[in-house]
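Each chain, written out:
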Amino acid sequence: MDFLNGKIKNIYFKYLAAAFGSALITSIYSIVDMAMVGQYHGPEGSAALAVVAPIWNIIYSFGLLMGIGGSVLFSTIRGKSEGHEKQSNEYFTASVIGSIILAAVIWLVVIFFDQELFLLFGAQDNTLSLAREYVTPIKFAIPLFLFNQMLAAYLRNDKNPALATGAVLAGGIFNVFGDYFFVFTCDMGAYGAGLATAIGSAITFLVMLSHFFMKKNTLRLVRPRKLKEISVTGFSTFFIDVAMGILTILFNRQIMHYLGTNALAVYGVIVNISTFAQCCAYSVGQASQPIISTNFGANKGERIRQTLKYALGTTAFFSIFWTVLSLAIPNVFIRIFMTPTPEVLQIAPNIFRCYGISFLLLPLNIFSTYYFQALIKPKAAFIVSVARGLLISGIF
């Protein structure tokens, strides 16, 4: 696919479909898990997975740090000249090395300090035991979640978005059916949901590796450099997920202190709906980023403006869609994700509708971060992500 000369509309929507499928199926891991565990264990199961949510934010954020940070520079270099393949692969190699180091650190922390982490994240009594039960099988697959995020970004920039989507789809489909089988058929509860998620991530990773055996593959491991440059470029995307994780920890602790398990269960459902909304915004950013970065490297401003027009239109649609749904059918979402008690159904609508207003601006905020990154403007991207992620949300 020709980023520099092809029709922007066709390229954008083809990449949007691939990125949307990939982002949506990625979110299904945590969403299906919460639905199955919530149906099996009730509100306490949903609350337990709300406690686990910050771990996913941290893992995915580091994957995006290496993947988006490196692939933006990768595409910009290739947009300047088709002959710069070796130089662009220096960023790919640095991303691989950085991902290995970060995955090892996260892996060790979760394996040896899971109880302390969950207590910090707001777990109490039965929610702590359920959270640890869920994470036990996932511990063995933690690096794969980070690698999958990094590889998906590079596959899109190496003009193979369909494989990135297919890989995530394969793992996601297994997770949906595996969740039901392990949780209910095998009567394994939260542990079964974690087991299905771990196996699904391994399937995604193996499918993505097939790219390196294809003729179209141009990704190579060479002598690395510029890991710092990758970190600077990818930091704002990284910060969006980290900030979400920090806010989830703050909310979990405050909710458990003042309102109890039922309110935390409702918030757990909201976090998953918010994950859906974020993934829609990620898909817009991930679809437009390779096009914008390559044309930025080639100094083709008009093509960047065309891409921006389609991206902003898509962002506006997702903003309206998720805001309307959250305001109109809050208890429908509650019933999907758990077997609710009367108390949960009573408190859910007001909580949902207060939070749902934020979906009006959430997609635009996330896309703007990707846009500034694609133009190699990390400072602007950082300001946008920090302003929304901690300064505004954290204060209120």
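Residues numbered from 1 in each chain as written. Predicted model: local features only at pLDDT ≥ 70, side-chain atom pairs only at ≥ 80, totals over all residues. Heavy atoms only, no water.

1. Quick word on the packing of aromatic side chains
A complete count under the given rule lists 21 aromatic pairs for this structure. Consider the rings of Tyr12 and Tyr310, whose centres lie 6.1 Å apart with planes at 20°: the pair is stacked. Residue Tyr12 is found in helix 1 (residues 8–41), and its partner Tyr310 is found in helix 10 (residues 301–328); the two are separated by 298 residues along the sequence. Taking the relative accessible area as the measure of exposure, Tyr12 reaches 0% and is therefore buried. Linked through ring pairs, Phe276, Phe317, Phe318, Phe321 and Trp322 together constitute an aromatic cluster. (Phe/Tyr/Trp six-rings, centres within 6.5 Å; stacked < 30°, edge-to-face > 60°. Helix = DSSP H or I, 4+ residues; strand = E, 2+ residues; numbered from the N terminus. Buried < 20%, exposed > 50% of the residue type's maximum accessible area, 1.4 Å probe, protein only.)

2. Points about the packing of helix 10 against helix 12 (residues 342–356)
Packing of helix 10 against helix 12 brings their axes to within 8 Å, and their N-to-C directions diverge by 160°. One way to sum up the angle between helix 10 and helix 12 is to call them roughly antiparallel. Taken as a pair, helix 10 and helix 12 cross one another with a handedness that is left-handed. Of helix 12, the residues touching helix 10 (which contributes Thr323, Ser326, Leu327 and Ala328) are Phe352, Arg353 and Gly356. (Axes fitted to C-alpha atoms, helices over the stretch in contact; angles between N-to-C directions. Parallel < 35°, antiparallel > 145°, perpendicular 65-115°, else oblique. Left-handed = near helix turned anticlockwise from the far one by under 90°. Contact = heavy atoms within 4.5 Å.)

3. Remarks on unusual backbone geometry
Even without being a glycine, Asp187 presents a positive backbone phi close to 55°. Tracing the backbone through its elements, the reader meets Asp187 in the loop between helix 6 (161–185) and helix 7 (189–209). Phi at Asn299 takes a positive value of approximately 60°, unusual for a residue other than glycine. Of note, Asn299 is situated in the loop between helix 9 (261–297) and helix 10. The class of Asn299 is exposed, set by a relative accessible area of 70%.

4. Some details on a nonpolar patch on the surface
On the surface, Ile97, Ile101, Val105, Trp107, Leu108, Val109, Ile111, Phe112 and Phe113 cluster together into a nonpolar patch covering about 800 Å² of accessible area. Relative to the helices and strands, Phe112 is located in helix 3 (residues 85–120). Owing to a relative accessible area of 56%, Phe112 belongs among the exposed residues under this scheme. (Patch = residues over 30% accessible without salt bridge, like charges linked within 9 Å, V, L, I, M, F, W, Y side chains within 5 Å. Areas by Shrake-Rupley, 256 points an atom, 1.4 Å probe, with all protein chains shown as cover. Salt bridge = Lys/Arg side-chain N within 4 Å of Asp/Glu carboxyl O.)

5. Focus: the pattern of salt bridges
Inspection of every chain in the model, using the stated rule, returns three salt bridges. Between Arg132 and Asp114 there is a salt bridge, and its shortest N-O distance comes to 3.2 Å. Of this pair, Arg132 sits in helix 4 (residues 125–138) while Asp114 sits in helix 3, placing them 18 residues apart in sequence. Among the residues examined, Asp114 registers a relative accessible area of 5% and is labelled buried.

6. What to know about the confidence of the model for the chain
With 89% of its residues at a pLDDT of 70 or more, the chain has an overall mean of 84. Summarising per-element confidence for the chain, the mean pLDDT is lowest in helix 14 (residues 378–395) (58) and highest in helix 7 (94). With pLDDT under 50 throughout, residues 391–396 is counted as low confidence; its partners more than four residues away or in other chains account for six contacts. (pLDDT = per-residue confidence, 0-100.)

7. Points about the side chain of Asn160
Checked against the element boundaries, Asn160 lands in the loop between helix 5 (142–157) and helix 6. Beyond its immediate stretch of four places on either side in the chain, Asn160 contacts Tyr15, Leu155, His211, Met214 and Lys216.

8. Here's the deal with the state of the cysteines
What the rule picks out here adds up to zero disulfides. The thiol of Cys279 is unpaired, and the distance to the nearest cysteine sulfur, on Cys280, comes to 7.2 Å. (Disulfide = S-S within 2.5 Å.)

9. Some words on the nonpolar core
Across soluble globular proteins, nonpolar side chains have a tendency to be buried as a group. By size, the foremost hydrophobic cluster in this structure holds 118 residues, and its most contacted members are Phe118, Tyr134 and Val269. Ranked by residue count, the leading element in this core is helix 2 (residues 43–80), at 20 residues. The contacts of Val269, once residues within four sequence positions are left out, are Met34, Phe333, Ile334, Phe337, Met338 and Phe352. (Core = buried A, V, L, I, M, F, W, Y, C linked by side-chain atoms within 4.5 Å.)

10. Points about helix 10
The end-to-end C-alpha distance of helix 10 is 41 Å, a good match for the 40 Å that 28 residues give at a rise of 1.5 Å each. Here helix 10 has its buried residues at Arg303, Ile304, Thr307, Ala311, Thr314, Thr315, Phe318, Ser319, Trp322, Thr323 and Ser326. (Expected span 1.5 Å × (residues − 1).)

11. Observations concerning the environment of Asp179
Within the secondary structure layout, Asp179 lies in helix 6. Judged by its relative accessible area of 0%, Asp179 falls in the buried class. In sequence terms Asp179 and Val37 are 142 residues apart; their C-alpha atoms lie 8.9 Å from each other. Setting aside anything within four residues of it in sequence, one finds Asp179 in contact with Val32, Asp33, Met36, Phe174, Phe184, Gly192, Ala193 and Ala196.

12. Focus on the packing of helix 3 against helix 4
Relative orientation and spacing of two packed helices are given, respectively, by the angle between their axes and the distance between those axes. Here helix 3 crosses helix 4 at 150°, and the two axes come no closer than 10 Å. The angle between helix 3 and helix 4 falls in the class roughly antiparallel. For helix 3 against helix 4, the interelement crossing comes out right-handed. Where helix 3 approaches helix 4, its residues Val110, Asp114, Gln115, Phe118 and Leu119 are matched on the opposing element by Leu128, Ala131, Arg132 and Val135. The class makeup of the residues in the contact of helix 3 with helix 4 is six nonpolar, one polar and two charged. (Nonpolar A, V, L, I, M, F, W, Y, C, P; charged D, E, K, R; others polar.)

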